[in-house]
Amino acid sequence: MADSDSDNNRAKLRTRPIVRLGLFLISHSTFVSVVCFIAGIVALLLLPVLAKNIYISENALMPGSAKNMLSSHDVSDAIKFINDLTDFEFRSKGSSIHELIAQYMSGLDAEVAYHKFYPQLDQFNPLHFFTSPDSGIISKNTSCSSLGINTVGIIRAPRGDGKEAIVLVTPYNPKKIDPGEALSLGIAYSVFSLLSRVTWLAKDIIWLVADSQYGEYSAVAAWLREYQAPVFYGVDIGNSETCNDNNTINEFGQNLYLDRKLYGGFRRAGTMAAALVIKVAEQANHLEDSLNIYAEASNGQMPNLDLINIVNYLAVHKQGLRIKVKKMWSLIGSRWLNTLGVVFESLGKIARSLNPQWKFGIPATEYVEGTATLASSLYYQGMGVPTGPHGAFRDYQVDAITLEISPKVSLTNKMIRRNEFILLGGRLIEGVILSINNLLEKFHQSFFLYLLTSPGKFVSVGVYMIPFALLVAPLPIVAASLHADANKSTLQATSAFEVDVSRESWEWLNSARKVLVFHLWGAVVSLLPYFLCRIPNTTPTINFIVWGLLSAFSLIVLYLILGSPVFEDAASQPEKSEWASLKSVTISTAFIGLSLMSVINFATAEIGALLIVPICLMARPLKLDTKARSLRTLLRATCNLALGFIGFPPVAYMLLKAAFEDFHGINVGDYWNWVESLWAWNSATYLYVGIVHLPCWALCIHILFHHC
């Protein structure tokens, strides 16, 4: 017995420092909140300084180790293909452009097949979140004229076993091919022509010529859905077999369906190792040839960093292209950011003077550009919407990016320059395919969770989680402090009466009930678009206004029913205890929601923390601040009103859009369009905004106007 008592005493002594630390943080919650929030902002601003240079993690990739084999002969064939594409509408008589593409593919001894699909309806379905977009939802009135046709060519690898494949995607509009689409098809054809002759190929090559008349993503997603998980419809919608006449004779005098390389069914290759979407910008850059990389997919998913690294290495060191990623241009000329960059540069010089091995600090101009790129990376990941058709591959855990090549001059009438451009783009794609071909397994060595600060620098998950942790750390501390203060004020107010102490400890359930009402309202608001999108002949602005009116009405109804005095306890809490307890539970739910969202989409959680954490921490009834009539309380009331205005989701979206996308003019219908895109991609950002951010914002506003 003596030994057990001594063990218990030792355990108490071991836990006592933790308990003391917790009590200290709770008792100094205001100071801790200010320190943590400022530290979180500083850590966020330090991310460009802490960024690392990109490097190839997988040694087997060996980018640039082999000499390019793409020759002028392949370019000449591509030029002929482009000329036939651009002149097709004048030369063809009764045949389709799909057949011309299939004819060229078949001439390379590739397996050629058509994939027919129907346009997808962007219909809101609340049960399909966290899954791939449901491209199987099609219109009941589908006709042959609305049928999309993808053309697919497959080259079987001479050294492969058919278990792996690399995908090339070139979106185009068959009704009117613009010069950029024709060039992208020409670049892909030159590479496809080369790969049909090489002997080193170990992975099958799939060339998907995607019919983008209903959207690039829709065409790629429809083919991927059939490739990965075929769906058989129970009814025949618009008899697709009659939509493409099997006896059509093309202009070359051949029946394509009699060609031994054209297959009637759906053709497959091996498991996809990676995918490249090839596009050519229509407008010339006028300075130099450049390459834009788009990597963001739904829910902020990113491809393995090694895929971007090999593209960056080959483009810069082999082809002389300038790599570009999106930036927040409004930050480039910001004076405060330039001043901050100068400060960090000076601190870096001081650190290196003390110890040359300390590599802290970067040039001010590099810091400004890195911050602008980091902000853009956060924004596009946080929006939860793919930045190109490559996003369809990430829904099936296939690493994919979109490569958009921009020429420095117009290529319309300059044949020599066009040949050089096709050779440059073709050799870049050839080098990337050669590196991926060397892999014996899928990409896994490098990072999947990262933020770009430049084409050659990144911030890993272990670093960028620090600012988020500092931003949300005060929430549980302040919640515990408010709960303790609420219980103290309640006991003091009721000390003159005989009240059961255990009953007072459960007073927070009244606040929890109110918080639950607001979150139920958030769920109702999130479900309203399911009914609004079925109203015919409406504009986005009208839908947004109706959505707002119905949301306000549903909040009033829910609050009157579930929050009415009928459900209140007869011995209600004192005024201070009531709003403090409500704020405590609100902060707790905000902390839980942000933490869960950081697991699904960190960028959304980071932006959400920057918007909602300040008002959650500062929320206090305006009545109390105005009564005090001091400079500090009036400043706090003003900040609360400003934060409440900025934290309102439509306002926050408009401000972010204006900052990141050079938005001119304000249209409330744009918020509805963004929400539509979120549910079209089944993005978790939609659930966060509706069920976490909006209710927490409404609760903070409720606290501000408490008993006013």
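The structure presented is a predicted model; accordingly, all values stated were derived computationally and were not measured.

Caption draft 1: Structural context of the sheet that holds strand S1 (residues 52-53). Pairing in this open sheet of three strands is antiparallel, and the strands run S1-S12-S11 from one edge to the other. Looking at the sheet topology across the chains shown, the edges are occupied by S1 and strand S11 (450-454). The pairing of S11 with strand S12 (residues 457-460) spans four bridges and is antiparallel. Among the inter-strand pairings, Tyr-450 is bridged to a residue of S12, identified as Ser-460. Strand contacts of helix H13 (residues 461-472): S11 and S12, with the helix running at about 65 degrees to S12, the strand carrying the most contacts.

Caption draft 2: Structural context of the pattern of salt bridges. Within the structure shown, the criterion is met by 11 salt bridges. Arg-267 serves as the salt-bridge partner of Glu-111, at 3.0 Å between the closest nitrogen and oxygen. Of this pair, Glu-111 sits in strand S2 (residues 111-117) while Arg-267 sits in the loop between strand S6 (262-263) and strand S7 (271-280), placing them 156 residues apart in sequence. Exposure remark for Glu-111: the relative accessible area of 12% places this residue in the buried category. In this structure, the salt-bridge partner of Asp-625 is Arg-636, at a minimum N-O distance of 2.7 Å. Taken together, the positions of Asp-625 in helix H20 (residues 622-628) and Arg-636 in helix H21 (residues 631-647) put the pair 11 residues apart, joining distant regions of the chain. What you see here is one network of salt bridges that share partners, running through Glu-111, Arg-156, Asp-204 and Arg-267.

Caption draft 3: Local environment of the environment of Leu-168. Looking at where Leu-168 falls in the secondary structure, it is placed in strand S4 (residues 164-172). Residue classification places Leu-168 among the buried positions, given a relative accessible area of 0%. Among all residues touching Leu-168, those that are not within four sequence positions of it are Val-191, Ile-206, Trp-207, Leu-208, Leu-276, Ile-278, Ile-429 and Ile-433.

Caption draft 4: Molecular detail of the packing of aromatic side chains. On inspection of all chains with the given rule, the structure shows 23 aromatic pairs. Taking the centre distance of 4.7 Å and the plane angle of 35 degrees together, the rings of Phe-648 and Trp-697 count as tilted. With Phe-648 in the loop between H21 and helix H22 (649-660) and Trp-697 in helix H24 (residues 684-704), the pair connects residues that are 49 residues apart, well separated along the chain. In this structure Trp-697 comes out as buried when scored by relative accessible area, which is 16%. Residue placement shows Lys-326 over the ring face of Tyr-380; its charged tip is 4.2 Å from the ring centre.

Caption draft 5: Structural detail: the pairing of S12. The two faces of S12 match: Lys-457 and Val-459 on one face and Phe-458 and Ser-460 on the other face are all buried. As paired elements, S1 and S12 share two bridges and run antiparallel to each other. Residue pairing in the sheet places Asn-53 in a bridge with Lys-457 of S12. The loop that links S11 with its antiparallel partner S12 comprises two residues.

Definitions and cut-offs
- The residue numbering used here restarts from 1 in each chain and proceeds along that chain's sequence as written.
- It should be noted that, the model being predicted, local features are given only for residues of pLDDT at least 70 and side-chain atom pairs only at 80 or more, the latter also being counted only at that level, while totals for whole chains, interfaces and linings use all residues.
- Excluding hydrogens and water, the side-chain values take into account all heavy atoms of the structure.
- DSSP bridges decide pairing: two strands pair if at least two such bridges lie between them.
- Only DSSP runs of H or I reaching four residues or more are called helices, and only runs of E reaching two or more are called strands; each is numbered from the N terminus.
- Any two residues having at least one pair of non-hydrogen atoms within 4.5 Å are treated as being in contact.
- For every element, the axis is a line fit to its C-alpha atoms; helices are fit only across the contacting stretch, and the angle between N-to-C directions ranges from 0 to 180 degrees.
- We define a salt bridge as a contact between a side-chain nitrogen of Lys or Arg and a carboxyl oxygen of Asp or Glu at a distance within 4 Å.
- Summary of the burial criterion: residues with accessible area below 20% of their type's maximum are buried, those above 50% are exposed, and those between are partly exposed, where the area comes from a 1.4 Å probe applied to protein chains only.
- The pairing test for Phe, Tyr and Trp rings, Trp by its six-membered ring, is centres within 6.5 Å, and the orientation test on the planes gives stacked under 30 degrees, edge-to-face over 60, and tilted for anything in between.
- Sitting over a ring, as applied to charges here, requires NZ of Lys or CZ of Arg to be within 6 Å of the ring centre and within 35 degrees of the ring normal.

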